[in-house]
Amino acid sequence: MIKTVGVLTSGGDAPGMNAAIRAVVRTGIAMDLRVMGIYQGYQGLINGEIKELTLRSVSDTLQRGGTFLQSARCKAFMTEKGVKSAIEVAKVFGMDAIVVIGGDGSFRGARELSRMGMTVVGIPGTIDNDIDCTDYTIGYDTAMNTAMEAIDKIRDTASSHQRCSIVEVMGRGAGHIALSVSIANGAEAVIVPEKEYSIDEDIVKPIFECRNRGKNHYIIILAEGVGKADEIASAIHQKTGIDARVSILGYIQRGGSPTARDRIEASRMGAHAVEILAKGCDSRIVALKDGMITDIPIEEALQMKKEISKSDLALTKVLSL
Ligand code: F6P
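Residues numbered from 1 in each chain as written. Predicted model: local features only at pLDDT ≥ 70, side-chain atom pairs only at ≥ 80, totals over all residues. Heavy atoms only, no water.

Chemist: I'm lost on helix α9 (residues 260-278) in this one. Help?
Modeler: Residue pairs spaced three or four apart in an α-helix point in one direction, given the helix's 3.6 residues per turn. Here α9 spans 27 Å end to end across 19 residues, near enough to the 27 Å set by a 1.5 Å rise per residue. Once α9 ends, the next one or two residues include Gly-280, with phi positive near 100°. (Helix = DSSP H or I, 4+ residues; strand = E, 2+ residues; numbered from the N terminus. Expected span 1.5 Å × (residues − 1).)

Written as C-alpha cells, this is what we have:
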C-alpha cells in the first residue's frame, strides 16, 4: 500500500513539466496520499531537499514553463553509493514510491532506484521526443512551436536578402524536432543524425534545383546531433555562390509557456502515474500510444531506440519542390 509519493523532475527541463507535477500532486491528494516534492532532481533527493506539496503548492503553475521543482543532471547518482544514499533519504521522508519526470537518462536513474528496491514510475518529459516507448514526450509540442515561430522570422529575412539560412535545432542525438519543423516551416532540406548525408547530394543539389524552379531563398534545418553548421554554410557559399547564414536556436526551445497539447498530455500522464502506483504497479514508464495513455515496464522502455519517420523525411523532399 502506497501512502507517500515523491515527485521529481530530472535532466533537461521541458515546458509542461509543471502540469505533470500538478497532476501528480492533485491526483495523489484526491486519493488520500501524501505527495513530497523533491527539488533539483536526483541531486536534491540525495541532499534531502524535500518538502511536502499541498493542493495550493501547485496553484498557478500550469501555464509556467520550466519546472518549479527545478532540475539537475546528477553525477553522484551514477554510482551505487549515490543511489543507496538517495534511497535512505527517501525512507527518512517516508516515501513509498517516486515519480520521475524526465528523459531516458532520468529513466536509467529510476531503473537503478527500482533495482535497489524503491517503487518508481517514470513520466516522459523532454523536448526531444526521443523515447521509443511513447509517441509523445512532454515539451515536444511547445519546443516545435517555438522553433517554428523563430524559423518563420528567419525566413522573412532570408527572403529579403535572397539568402540560405541554416537553422540548427535541439534534439541531442535525435532528429525529431528537426524533421517536424522542416515540415511546419517548409524547409528546402533537413539533415538529421539518424540518416547519413552528403553536402552535395542532400544540400547543394536541392538548392540548385530549387533555384532553377524559381526559388530565391532557402531554409536548411539541421539537427544539433549532426553539428557542422558553419562547415555546411561555407560549402553552400563556395559551391553555389549563395550567401549562407547560420542561426542556432538553442535554449529558447526549452522555455516558454506550454502549449495546450503539452498541458493536456502532461496532466493525463501525471494522473496516470499516480493511479497505477495506487494499483500496486512498479517500475513502469507512462506512455502515449495510439492516442491512449498507457504504461510499459521500464526495462523494456530502455531497450528500445526510436526511429525517425521515413515517410516524413520523404514528405519534406516532395513539399520542398
Ligand atoms: O534533452 C533536452 C536537450 O535540450 C537537448 O535537446 C540538448 O541536446 C540538451 O538537452 C542540452 O542539455 P544541457 O541543458 O545539459 O545543456
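Chemist: Would you mind showing me how to read the sheet that holds strand β3 (residues 50-53) here?
Modeler: Picture the strands of a sheet paired through backbone hydrogen bonds; they go either parallel or antiparallel. Taken together, seven strands build an open sheet; the order of strands is β3-β2-β1-β4-β5-β10-β11 and the sheet is mixed. The sheet is open, and its two borders are formed by β3 and β11 (292-297), each paired with just one other strand. Shown here is a sheet whose adjacent strand axes are inclined to one another by a mean of 30°, direction ignored. Examined bridge by bridge, strand β10 (residues 284-289) and β11 share six bridges and lie antiparallel to one another. Residue pairing in the sheet places Ala-287 in a bridge with Thr-294 of β11. (Pairing = 2+ DSSP bridges. Axes fitted to C-alpha atoms, helices over the stretch in contact; angles between N-to-C directions.)

Chemist: Sorry, what's going on with the packing of aromatic side chains here?
Modeler: When we look at a pair of aromatic rings, we describe it by the centre distance and by the angle of the planes. Per the counting criterion, the structure on display carries two aromatic pairs. On the numbers, 3.9 Å between centres and 10° between planes, the contact of Tyr-42 with Phe-77 is stacked. Placement of the pair is Tyr-42 in helix α2 (residues 41-47) and Phe-77 in the loop between β3 and α3 (80-92), with a sequence separation of 35 residues. Note on accessibility: Tyr-42 and Phe-77 belong to one class, buried. (Phe/Tyr/Trp six-rings, centres within 6.5 Å; stacked < 30°, edge-to-face > 60°. Buried < 20%, exposed > 50% of the residue type's maximum accessible area, 1.4 Å probe, protein only.)

Chemist: So what exactly am I meant to see when it comes to the environment of Gly-125 here?
Modeler: In this fold, Gly-125 is placed in the loop between β5 (119-124) and α5 (140-160). Taking C-alpha positions, Gly-125 is 9.1 Å from Asp-104, a pair spaced 21 residues apart along the chain. If sequence neighbours within four positions are ignored, Gly-125 has contacts with Gly-12, Ala-14, Met-17, Ile-101, Gly-102, Gly-103 and Ile-138. (Contact = heavy atoms within 4.5 Å.)

Chemist: What is the right way to look at the pairing of β5 in this model?
Modeler: In regular strands, side chains alternate between the two faces of the sheet. Of all six residues that make up β5, six are buried, and the element is covered over most of its length. Going residue by residue along β5, you find Thr-119, Val-121 and Ile-123 tucked away on one face and Val-120, Gly-122 and Pro-124 tucked away on the opposite face as well. With six bridges connecting them, strand β4 (residues 97-102) and β5 associate as parallel partners. Looking across to β5, one finds that Val-99 is bridged to Val-121.

Geometric descriptors of this kind do not, in isolation, establish any biological role.
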